[in-house]
Amino acid sequence: QVQLVESGGGLAQAGGSLRLSCAASGRTFSSYAMGWFRQAPGKEREFVAAIRRSGGNTYYADSVKGRFTISRDNAKNTVYLQMNSLKPEDTAVYYCAADPRVAEEYYSGSYYYTGEANWRSWGQGTQVTVSS
């Protein structure tokens, strides 16, 4: 089981930036993919971004493509989400996810990562609020 702790959330103005971090422990970090989801008030949790274990492939929801960047530092056991050009609609609790149930060798593209049920481990979430 992987344990995850997010940090870096807070309040930003529209057009501003925030960087989220997620520190992992419990298993070899470089052996699994990582992802970010978010849940806005009254809405279901939705996929934001994912990164394969080597960091060589990244995937994004259309709503954040070109504004958000996911990255990982396998030496620090940490995944990041750099969020630029923030919009009020980015306001949500952001969750870090780890360790997809099926190894990445068995699929390509982003589809598998977008399924909430496909991830084994979750962080506690960090609030991001963007004011207009």
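These numbers come from a predicted model, not from an experiment. (Residues numbered from 1 in each chain as written. Predicted model: local features only at pLDDT ≥ 70, side-chain atom pairs only at ≥ 80, totals over all residues. Heavy atoms only, no water.)

Undergrad: Can you explain unusual backbone geometry? Please cite residues and give values.
TA: Despite not being glycine, S85 shows a phi value in the positive range, around 50°. Within the secondary structure layout, S85 lies in the loop between β8 (78–83) and β9 (92–100). Assessed through its relative accessible area of 40%, S85 is described here as partly exposed. Positive phi outside glycine occurs at D99, with the angle close to 60°. Summarising the element assignment, D99 is placed in strand β9. (Helix = DSSP H or I, 4+ residues; strand = E, 2+ residues; numbered from the N terminus. Buried < 20%, exposed > 50% of the residue type's maximum accessible area, 1.4 Å probe, protein only.)

Undergrad: Can you tell me about the packing of aromatic side chains, naming the residues and giving the values?
TA: Applying the stated criterion to the full structure yields eight aromatic pairs. Consider the rings of F29 and Y32, whose centres lie 5.8 Å apart with planes at 80°: the pair is edge-to-face. Accessibility expressed as a relative area gives 2% for F29, which makes it buried. With a centroid separation of 5.6 Å and an interplanar angle of 35°, the aromatic rings of Y113 and W119 are classed as tilted. In this structure an aromatic cluster arises from ring pairing among F37, F47, Y59, Y107, Y112, Y113, W119 and W122. (Phe/Tyr/Trp six-rings, centres within 6.5 Å; stacked < 30°, edge-to-face > 60°.)

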